[in-house]
Amino acid sequence: MKTRAAADVLVIGAGIAGASLALRLADAGRHVTVLAKDGLGESASAQALGGIAAAIAPDDSPQLHLEDTLAAGCGLSRESGVRAVVERAPACIDWLVAQGVEFDRADGEFDLAREAAHSRRRIVHVADATGRAVMAVLGRRLRSHAGITLLEEHTAVDLLTRAFDAAPGGRRCVGARVLDTGRGVLRSLRARHVVLATGGASGIYEISTNAARPAGDGIALAWRAGCSVADLEMVQFHPTALHHADAPGWLVTEAVRGEGGRLLLPDGERFMFRYDARGELAPRDIVARAICAEMAAHGLESVFLDISHAGPEFVKARFPNTYARCAELGIDITRAPMPVTPAAHYTCGGVVTGMNGETGVANLYAIGETASTGLHGANRLASNSLLEGLAFAATAAAAILAAGPRNETPVAAQLCDALQPVVSGPGPHVQSEARRLARAIRHTMSRHAGIVRSDCGLAEALETLLALARRSDLLYARHGPGGGLLELRNLACVAVLVARSALLRRESRGAHFNRDHPTCKPSAEQTILGPAPHAARRAGRAVA
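Criteria and thresholds
- One numbering rule holds for all chains: residues counted from 1, following each sequence as written.
- Note on the predicted model: pLDDT of at least 70 is required for a residue's local features to be given, and 80 or more for side-chain atom pairs to be given and counted; whole-chain, interface and lining totals, by contrast, use all residues.
- Hydrogens and waters are ignored; side-chain quantities use all the structure's heavy atoms.
- Helix and strand assignments come from DSSP, with helices taken as H or I runs of at least 4 residues and strands as E runs of at least 2, each series counted from the N terminus.
- The globule rule used here is 2.2 Å times the number of residues to the 0.38 power, and the radius of gyration it is set against is calculated over C-alpha atoms.
- To sort residues, take the accessible area from a 1.4 Å probe on protein chains only and compare it with the maximum for the residue type: under 20% means buried, over 50% means exposed, and anything in between is partly exposed.
- Note on contacts: a residue pair qualifies if any of its non-hydrogen atoms lie within 4.5 Å across the two residues.
- Only the protein chains shown count as cover for residues, and all accessible areas are computed by the Shrake-Rupley method using a 1.4 Å probe.
- Within this scheme the basic residues Lys and Arg register as positive and the acidic residues Asp and Glu register as negative, but His and the chain ends are omitted.
- Lys charges are placed at NZ, Arg charges at CZ, Asp charges at CG and Glu charges at CD.
- A pair of strands is labelled paired if DSSP reports no fewer than 2 bridges between them.
- Interaxial angle, 0 to 180 degrees, is taken between N-to-C directions of lines fitted to C-alpha atoms, where a helix line uses only the stretch in contact.
- By convention in this document, the label disulfide applies to cysteine sulfur atom pairs within 2.5 Å.
- Working definition of a nonpolar core: buried Ala, Val, Leu, Ile, Met, Phe, Trp, Tyr and Cys residues. They are joined through side-chain atoms within 4.5 Å.
- Under this scheme an angle from 65 to 115 degrees is roughly perpendicular, one under 35 degrees roughly parallel, and one over 145 degrees roughly antiparallel; angles in between are oblique.
- The hand of a helix crossing depends on one turn: near helix anticlockwise from the far one by less than a right angle means left-handed, and clockwise means right-handed.
- Each residue is assigned to one of three groups, with Ala, Val, Leu, Ile, Met, Phe, Trp, Tyr, Cys and Pro labelled nonpolar, Asp, Glu, Lys and Arg labelled charged, and all others, Gly among them, labelled polar.
- We define a salt bridge as a contact between a side-chain nitrogen of Lys or Arg and a carboxyl oxygen of Asp or Glu at a distance within 4 Å.
- The span one expects for a helix is its residue count, reduced by one, times 1.5 Å.

A. Focus on the overall build of the protein. Scanning the protein from N- to C-terminus turns up 16 helices and 21 strands. Taking 544 residues into account, the globule formula puts the C-alpha radius of gyration at 24 Å, and the protein, at 22 Å, falls close to it. If you line up the protein on its principal axes, its C-alpha atoms span 65 × 55 × 45 Å. Split into buried and exposed, the 544 residues of the protein put 60% on the buried side. Excluding contacts between residues fewer than 6 apart, the proportion of contacts in the protein whose partners are at least 24 apart in sequence is 73%. A total accessible area of about 20,300 Å² is found for the protein, and carbon and sulfur atoms account for 52% of it. In the protein, the 59 positive side-chain charges and the 55 negative ones have mean positions that sit 8 Å from each other.

B. Representation of the sheet that holds strand β2 (residues 32–36) in the model. An order of β7-β2-β1-β11-β18 is seen for the 5 strands of this open sheet, with the pairing classed as parallel. In this open sheet, the two edge strands, each paired with only one partner strand, are β7 (148–152) and β18 (364–366). Between one strand axis and the next, the sheet turns through 15 degrees on average, direction left out of account. By the bridge criterion, 4 bridges tie strand β1 (residues 9–12) to β2 in an arrangement that is parallel. Opposite Ile12, over in β2, you have Leu35 as the bridge partner.

C. Geometry of the environment of Gly349. Within the secondary structure, Gly349 sits in the loop between β16 (338–347) and β17 (350–352). Measuring from C-alpha to C-alpha, the distance between Gly349 and Ala176 comes to 23 Å, with 173 residues separating the pair along the chain. Residues contacting Gly349, with those up to four places away along its chain left out, are Ala230, Asp231, Leu232, Met234, Glu369, Thr370, Ala371 and Ser372.

D. Representation of the state of the cysteines. Taken as a whole and assessed by the stated rule, the structure comprises 0 disulfides. For the unlinked cysteine Cys348, the closest cysteine sulfur is that of Cys74, found at 9.6 Å.

E. How the structure looks around the nonpolar core. Residues Ile12, Leu159, Tyr205, Ile441, Met445 and Leu465 are the most contacted members of the largest nonpolar core, which totals 69 residues. At 13 residues, the largest contribution of residues to this core is made by helix α15 (residues 485–504). The contacts of Ile441, once residues within four sequence positions are left out, are Ile204, Leu465, Leu468, Ser472, Leu488, Leu491, Ala492 and Ala495. Core analysis: the next-biggest nonpolar cluster, separate from the first, contains 57 residues, Val11, Ile148, Ala197 and Leu386 among them.

F. Representation of the packing of helix α4 (residues 79–99) against helix α5 (residues 130–144). Packing of α4 against α5 leaves a shortest axis separation of 10 Å and a crossing angle of 60 degrees. Here α4 lies oblique to α5, going by the angle between them. Between α4 and α5 lies a crossing whose hand is left-handed. For the pair formed by α4 and α5, the contact residues are Trp95, Leu96 and Gln99 on the first element and Val134, Val137, Leu138 and Arg141 on the second. Within the contact of α4 with α5, the residues separate by chemical class into 5 nonpolar, 1 polar and 1 charged.

G. Region of the structure containing the environment of His479. You can see His479 is positioned in helix α14 (residues 455–479). For His479, a relative accessible area of 30% gives the class partly exposed. When the C-alpha positions of His479 and Ala495 are compared, they lie 22 Å apart, and in sequence the two are 16 residues distant.

H. Representation of the sheet that holds β16 in the model. Read from one edge of the open sheet, 4 strands run β13-β16-β15-β14, paired in antiparallel fashion. Since the sheet does not close on itself, it has two edges, and those belong to β13 (235–242) and β14 (262–264), each with one partner. In this sheet, neighbouring strand axes are inclined to one another by 45 degrees on average, regardless of whether the strands run parallel or antiparallel. Where β13 lies against β16, 6 bridges are found, and the strand directions are antiparallel. Looking at the pairing, Phe237 lines up with Ala344 of β16.

I. Spotlight on the pattern of salt bridges. Inspection of every chain in the model, using the stated rule, returns 30 salt bridges. For the salt bridge of Arg489 with Asp158, the shortest nitrogen-to-oxygen distance reads 3.1 Å. Of this pair, Arg489 sits in helix α15 while Asp158 sits in strand β8 (residues 154–164), placing them 331 residues apart in sequence. A relative accessible area of 8% places Arg489 in the buried class.

J. Region of the structure containing α14. Between its terminal C-alpha atoms α14 stretches 36 Å, which fits the 36 Å expected from 25 residues at 1.5 Å a residue. Every buried residue belonging to α14 is among Asp455, Gly457, Leu458, Ala461, Leu462, Leu465, Leu468, Ala469, Ser472, Leu475 and Tyr476, and all of these are buried. Packing partners of the buried residues in α14 comprise β8, β9 (170–180), α13 (428–448) and α15. Looking one or two residues past α14, Gly480 carries a phi angle of roughly 85 degrees, positive in sign.

What is shown is where atoms sit, not what they do.
Okay, here's the thing in C-alpha cells:
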C-alpha cells in the first residue's frame, strides 16, 4: 500500500462517486487519500445491475431525459440541477469508455436498454451487471494510480472541523478521525478538502437490496459536523427483490421489466394495469405500493416476475447474472417466474448540497447517494443513480481544482496519520446488545416507516427510535467505535432523522405514502432538518 506524507483531498467512500472523483483529481495532479469501508467490490455501485441513463440515441434528447426525471421526482426535483446532470450524461459515458469500460454494443453502437418510467431506450449497460464491470475498471485504476492512497477497511468515525471566520459561527472541515478496522487503530487524517461519498442508508430496514446494509454513515457524519439534511423520508423501495431465504433482498434488475417482464399473482393474473396505465413500466414507488397492496389483499409472501416468454436465448444473453443467481437457487427463469417483493433500495434525500457538492461546512463536499442535490426529488428514476455519482464527481472535482492550493501551511502536512492506541473491541455481552439494538431499529423502521406509513405509526416509531438511539450512544460513549458500535451509532442517528422527516411531511408524494394524508399538496416543499445540536457537534470531533 502506498503511503504519502500529505493529502490534498480525503475522499470517504470508494463507490462510483468517490472513485471517479479521486481519479479526476489525481489525474489533475492532486494527492488523494480514499477510504473504503470494505473491499472495493462491496460498494453499492458494484452491486448496481441495470446501467447508466444517458440520452445518446438518435430519437432521444437531454430534454426528454429531463422530463422523465422530473415526472418521476413528483414535483420535488430541482429543475436546474436535473438539467445540468442530464446534459452532462453523454460526457460521463465517454469518460468511462476512456477509462476502459466496455459497454454492450450492437452493430458498433451502444445497445441501449429501456427501464421503467423512461420514454426512450437510453440505458447504457454491461449485460445485467453494469456496476460490477464499471467498478472493476475504476478499482484497478484506484489501486495503481501514483497520486492515490487507497485505504481499504477504513471507516470514518467523525469529521474534524475548525472555526471558520468567513461566516458567523461557521466551521470548516480539516479531516476526519478514522478507524482502521483491520488493526483496530484510530487515525487522524488531515486534508484541505474532504468529500463524503459513502452511499445511502437502506440498511436501516430489515431487508435491503444492498448486501453491505449501509447505515447512512456519511449522512450521520455530516449532520454531526454541522450540515443540514433534506428529504430523508424519501426512501425508495425497489419493487422486485428476490424473495428467497438464501438470498433475501437480492435485486432483480429493473431491466427485466423494461424488456417485457410481467408481474403476476399466483393464479397468473397480470395486475399492474389495475394501478397504472403504464403497467410494469410505472415508476418504482407506484409498482412497489401495488405489490404491497396485492400481497396484503391475498395474504401473499410475494408476487411473481415472469420473463420466460422472451425466450431462453434472449434471457440468458441479456440477463446472465440474474439467470445464474436464480439457477443457483433452483429457479429456471427461462421456464418459470421469480418470486419477488419490494425491499429498501435507495436514499433519495441526504446531505444538503449545492450544484458542486458543497455543503454548509466549508471545504466539505457530499456527492452520490449521500447527498440531496435535487436530482431525484421524491422518487429516483431508474439508472440515474450511477449517473448522479459520475456527474457530481465531475463538478465537485472541478470546484476543488478551481479552489487551488492556499497560501498557508497545509493541514495535511501538519498531521496526516496520527495513530492512537489500538481500540479493544467490546466484550461479547456488549456486542450482543449492539446486535439486539440494531435489530430493534430495523424492525421499527420496517414496521412503521416503510412503504405505507401513518401519523400514529411514525410517532410511535420516533419515540421508540429515540430511546434506542440513547442506548446506542451510551454504549458508544463507554466502549468506543469497535465491535460494530460505530455502525450502530450511525444507524440509530439516521433512523431517527428519517422518522422525524416522515412525520413532518403531511402529504403523500413519491416514495413517501401516508395513509392519513393520501394526496399531494398543491406545491412541493423540501423537508429540511438543521444540523445536530451544539453538544452533539462538539462530540463530533470539532478541533481548535
